[in-house]
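# Remarks on the overall topology
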Amino acid sequence: MADTNNNSNSRSLGIAIVCLALALCALSVSIFGIVTSTTAAQQRAMDMHAAWQTLQSDSVSGSEAASATNVLSANIVEVPLLQSANLWAAGLAALSFLLLVWVAIAARNLFRAKAELQSGIHRSQDSALGRLDTETSPLLNGDLRSSATETTDVTSPVAKTFNHAVAELRWLVATLSSSAEQLAESLDKSRESADKVSSACSEQSRRIHLSSNDLFSMSATMSGLSADAAESSYAAKTAVEKAEAGGVALSASLHRLSAIRDEADSTTRVMHRLAENVSAIDECITVIQDVAKQTDLLALNTTIRASAGSRAATVNDAAADLGRLSDEVAQLAEVLGQATRDISAITRTITQDASGTVQSMEHIASELASGVEQTQQASDALDVIQGSSHSLHESVVQMTERCVEQTGIARKITESMDEINQISDQTIDGLALNAVSLDELQKLAVEMRNAIVGYQMPEAHRRPGSKNSTMSVARRAADRAVNA
Amino acid sequence: MTQYLLFDAGGLDLAAPSSLVKAIHEDLNIQAVAGTSHWFRGLAVAHGKLLPVTDMGAFAGRRSSSGRTLELDPSASIAGLQVDNIVGLSDEEADNVPLSDAENDALSVGKLTFSERAIVNKGRNHRVLDIGSLVQSPEFLNITEQP
């Protein structure tokens with residue numbers, strides 16, 4: 001409505017301004033025409049006055065009369081034009097006057113419409129403020145359902161700000177409500193964990209009591225085991241005494257065997273020497289083989305020379321051949337003699353070594369007989385040790401059975417201890433959950449503080465007496481927010 | 001009756017009259033001579049005298065011999081023949097025995113000449129060497145290394 005009026009007034013004001021401009025233009029043109037025609041009329045009047053003066057003089061010539069007559073004729077011709085211009089100027093002036101009158105009337109109407117418009121705006125603003133006041137007043141009682149209508153008038157920014165603030169307040173209240181619920185759940189969990197810890201401690205106490213009973217039983221078994229150990233100790237002592245006797249016999253036997261080992265070493269050395277002598281005999285045999293080969297060659301040469309003896313050129317050549325043959329035979333005889341002496345020496349050595357070996361073997365045989373006797377004594381001692389070992393074995397068997405029994409008890413104790421450990425683990429888990437719940441509580445407290453630290457709460461919300469009502473309103477708002 | 005010394009050299013069974021062999025040497029210290037043929041082993045000292053030694057196996061175009069050395073009687077020639085093995089002496093008469101394949105091969109590639117006679121001993125035919133012709137032949141006497 002107001003916009004329509006404003007548009008109409010603006011259109012009327014435009015038309016009036018255009019008319020005013022036209023009127024001013026027409027007025028200017030008419031004034032210019034009047035001034036121009038007046039100037040021209042004065043100029044013509046002066047010209048006509050001059051021509052008239054010329055004609056009135058006595059000494060006017062014909063030409064001057066004719067010129068004055070022409071001037072007058074020309075001015076007379078322009079008079080109608082001046083009259084027409086004056087008429088136009090008058091018309092335009094009248095038109096300007098009319099336009100000015102119309103502009104004045106339009107201005108008066110414009111001012112009147114403006115005044116009406118201002119009064120309408122004031123009325124509309126009053127109405128919008130009243131509506132805004134009506135819509136926002138429930139918030140004073142904590143009713144977050146209120147909202148302001150967002151229109152196009154001056155209250156629109158205020159209504160938007162109000163709605164935004166109410167929405168933030170709803171979110172804040174919803175957050176606080178949710179945090180309070182989570183806080184309550186965390187507290188419940190803490191209580192449950194505490195209950196679990198309490199029951200676990202009770203169970204742990206009962207298990208420890210059972211373990212104590214088992215330990216008592218194990219102590220009694222250990223007493224019996226101790227008695228068995230005493231018997232085993234006596235049997236072991238007897239076995240040790242017999243073993244000492246057997247050890248003495250074995251030591252003597254060991255001594256004998258050591259002597260036999262020395263004799264065997266000596267015999268081994270003799271056998272090594274025999275092997276070396278046999279190797280030397282092999283070398284002598286090689287020499288004898290070489291001698292045999294040389295003898296064969298010598299036989300060949302002797303045969304050849306014997307067959308050629310008859311063909312010898314001189315007796316000296318045959319004598320020289322025989323001399324060479326004699327030398328070679330002598331060398332062979334010397335080599336053979338040396339080999340024979342070596343073999344004889346080696347044979348004597350071998351005979352001596354064999355004799356020593358025989359004596360050593362006889363000594364070894366006597367020592368072995370003595371060692372067998374000593375070993376027999378050691379065997380007897382070992383038989384006694386065996387008997388003692390049998391009794392020791394029986395004691396050990398009994399001890400083993402007790403140990404098996406103890407093992408079962410120990411297994412039970414171990415199982416109980418495992419259960420105790422599991423309970424302890426559960427206790428630790430419960431404590432860990434408790435710690436986690438406490439951490440969550442701390443986080444929630446920090447979150448709640450951060451959520452309300454940037455807001456100025458109304459005075460009514462700060463009073464302790466209105467806490468329940470505020471919380472209930474906040475809880476409802478939170479429920480609505482959650483449902484939304 | 002002629003007595004023969006039986007031996008082998010380069011895989012060939014040979015025989016020589018024992019009257020033309022002065023001695024048999026086991027280990028002669030043979031010194032090689034430069035510029036001589038490969039079948040000429042070198043010079044050795046036997047009974048205080050120089051003895052030129054010829055490798056009979058190589059001279060026959062066969063593998064080289066490495067055994068004892070036969071010193072020829074000075075009435076035939078002052079020469080030594082190195083052979084592989086001495087088989088022994090034989091009093092058997094020589095018979096006409098045709099040449100074997102190995103002997104024909106040696107005849108074609110070597111410088112040794114064979115007679116038609118051979119001593120048959122224990123199934124082996126020992127071809128009788130003509131020592132006189134051998135030691136007088138130009139091939140035996142020319143010990144210069146051939147290009």
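Residues numbered from 1 in each chain as written. Chains lettered and ligands numbered in written order. Predicted model: local features only at pLDDT ≥ 70, side-chain atom pairs only at ≥ 80, totals over all residues. Heavy atoms only, no water.

Turning to the overall build of chain A, a few remarks are in order. Helices and strands together make up the secondary structure of chain A, namely 6 helices and 0 strands. Taken from the N to the C terminus, the helices and strands of chain A come in the order α-α-α-α-α-α. The buried share of chain A, reckoned over its 484 residues, is 22%. For chain A, the proportion of contacts with a sequence separation of at least 24, taken over those separated by at least 6, is 83%. For chain A, the accessible surface area stands at approximately 31700 Å², while carbon and sulfur atoms represent 61% of it. (Helix = DSSP H or I, 4+ residues; strand = E, 2+ residues; numbered from the N terminus. Buried < 20%, exposed > 50% of the residue type's maximum accessible area, 1.4 Å probe, protein only. Contact = heavy atoms within 4.5 Å. Areas by Shrake-Rupley, 256 points an atom, 1.4 Å probe, with all protein chains shown as cover.)

Here the focus is the sheet that holds strand β5 (residues 49-55) of chain B. Adjacent strands of a sheet pair through backbone hydrogen bonds, lying either parallel or antiparallel. Residues and elements named next belong to chain B. Ordered in space as β3-β6-β7-β5-β4, the 5 strands form an open sheet in which the pairing is mixed. In this open sheet, the two edge strands, each paired with only one partner strand, are β3 (21-25) and β4 (40-46). Sheet twist, expressed as the average angle between the axes of neighbouring strands with direction ignored, equals 30°. Pairing of β5 with strand β7 (residues 80-82) involves 3 bridges; the strand directions are parallel. Bridged to aspartate 55 within β7 is glutamine 82. (Pairing = 2+ DSSP bridges. Axes fitted to C-alpha atoms, helices over the stretch in contact; angles between N-to-C directions.)

This part takes up the confidence of the model for chain B. Residues and elements named next belong to chain B. Chain-level statistics for chain B give a pLDDT mean of 92 and a share of 100% at 70 or above. Averaged pLDDT values over the elements of chain B bottom out at 87 in helix α2 (residues 101-109) and peak at 96 in β7. Of the two predicted TM-score estimates for the complex, the pTM is 0.38 and the ipTM is 0.72. (pLDDT = per-residue confidence, 0-100.)

Once that is clear, we can look at unusual backbone geometry. All names here are of chain B. Of note in this structure, histidine 47 is not a glycine but carries a positive phi near 55°. Within the secondary structure, histidine 47 sits in the loop between β4 and β5. Residues other than glycine seldom take positive phi values, yet lysine 122 does so here, at roughly 55°. Within the element layout of this structure, lysine 122 appears in the loop between β10 (117-121) and β11 (124-128).

Membership of the largest hydrophobic core comes to 32 residues, with the highest contact counts inside it found for Met56 and Leu70 of chain B. Every element with two or more residues in this core is listed here: α3 (156-309) of chain A together with β1 (4-9), β2 (12-17), β3, α1 (56-59), β6 (69-72) and α3 (131-136) of chain B. Apart from the residues within four sequence positions on either side, leucine 70 of chain B is in contact with Leu5, Phe7, Val21, Ala23, Ile24, Ala79, Gly80, Leu81, Val83 and Ile86 of chain B. Listed in part, the 6 residues of the second largest apolar core include Leu6, Ala15, Ala94 and Ile119 of chain B. (Core = buried A, V, L, I, M, F, W, Y, C linked by side-chain atoms within 4.5 Å.)

All names here are of chain B. Across all of its chains, the model carries 2 aromatic pairs over all chains by this definition. Centroid distance tryptophan 39 to phenylalanine 59: 4.9 Å. Interplanar angle 75°. Geometry classified as edge-to-face. Taken together, the residues tryptophan 39 in the loop between β3 and β4 and phenylalanine 59 in helix α1 connect sequence positions 20 residues apart. Pair check on accessibility: tryptophan 39 and phenylalanine 59 agree, each one buried. Centre to centre, the rings of phenylalanine 59 and phenylalanine 140 are 5.7 Å apart; their planes meet at 80°, and the pair counts as edge-to-face. Of this pair, phenylalanine 59 sits in helix α1 while phenylalanine 140 sits in helix α4 (residues 138-141), and the two are 81 residues apart along the sequence. (Phe/Tyr/Trp six-rings, centres within 6.5 Å; stacked < 30°, edge-to-face > 60°.)

All names here are of chain B. Read from one edge of the open sheet, 6 strands run β8-β1-β2-β11-β10-β9, paired in mixed fashion. Strands with a single pairing partner mark the edges of an open sheet, and in this sheet they are β8 (85-90) and β9 (95-96). The sheet contact formed by β9 and β10 spans 2 bridges and is antiparallel. For asparagine 96, the partnering residue across the bridge sits in β10 and is arginine 117. Against the sheet, α2 engages β2 and β11, with an angle of about 80° to β2.

This paragraph deals with the confidence of the model for chain A. Residues and elements named next belong to chain A. Of all residues in chain A, 89% have pLDDT values of 70 or greater, and the mean over the chain is 76. Within chain A, the element-level pLDDT minimum falls on helix α5 (residues 459-462), averaging 48, and the maximum on helix α2 (residues 62-136), averaging 82. Ignoring residues within four places in sequence, the model shows residues 460-474, a span with pLDDT below 50, making 9 contacts including any to other chains.

Quick look at the pattern of salt bridges now. All names here are of chain B. Enumeration according to the criterion identifies 6 salt bridges over all chains in this entry. Here aspartate 84 ties to arginine 63 by a salt bridge, and the two come within 3.2 Å at their closest N and O atoms. With a gap of 21 residues between them, aspartate 84 in the loop between β7 and β8 and arginine 63 in the loop between α1 and β6 connect regions that are remote in the sequence. Here aspartate 84 falls in the buried class, since its relative accessible area comes to 13%. For arginine 63, a relative accessible area of 52% gives the class exposed. With a shortest N-O distance of 2.9 Å, glutamate 103 and arginine 127 are connected by a salt bridge. (Salt bridge = Lys/Arg side-chain N within 4 Å of Asp/Glu carboxyl O.)

Glancing now at a negative patch on the surface. All names here are of chain B. On the surface, Asp91, Glu92, Glu93 and Asp95 cluster together to form a negatively charged patch. Within the element layout of this structure, aspartate 95 appears in strand β9. For aspartate 95, a relative accessible area of 40% corresponds to the partly exposed category. (Patch = residues over 30% accessible without salt bridge, like charges linked within 9 Å, V, L, I, M, F, W, Y side chains within 5 Å. Lys, Arg positive; Asp, Glu negative; His and termini not counted. Charge placed at Lys NZ, Arg CZ, Asp CG, Glu CD.)

Contacts between the two partners involve 12 residues from chain A, matched on the other side by 15 residues from chain B. Each partner contributes to the roughly 1200 Å² buried at the junction of chain A and chain B, and carbon and sulfur atoms together form 57% of this total. Linking chain A to chain B there are 0 salt bridges. Connecting chain A to chain B are 1 residue pair in polar contact (both at pLDDT 80 or more). Per element, the largest residue contribution to the side of chain A that touches chain B is 10 residues, and it comes from α3 of chain A. For the side of chain A that touches chain B, a count of residues per class yields 3 nonpolar, 4 polar and 5 charged. (Buried area = accessible area lost by both parts, 1.4 Å probe. Polar contact = N/O pair within 3.5 Å; in protein donor to acceptor, adjacent residues only side chain to side chain. Nonpolar A, V, L, I, M, F, W, Y, C, P; charged D, E, K, R; others polar.)

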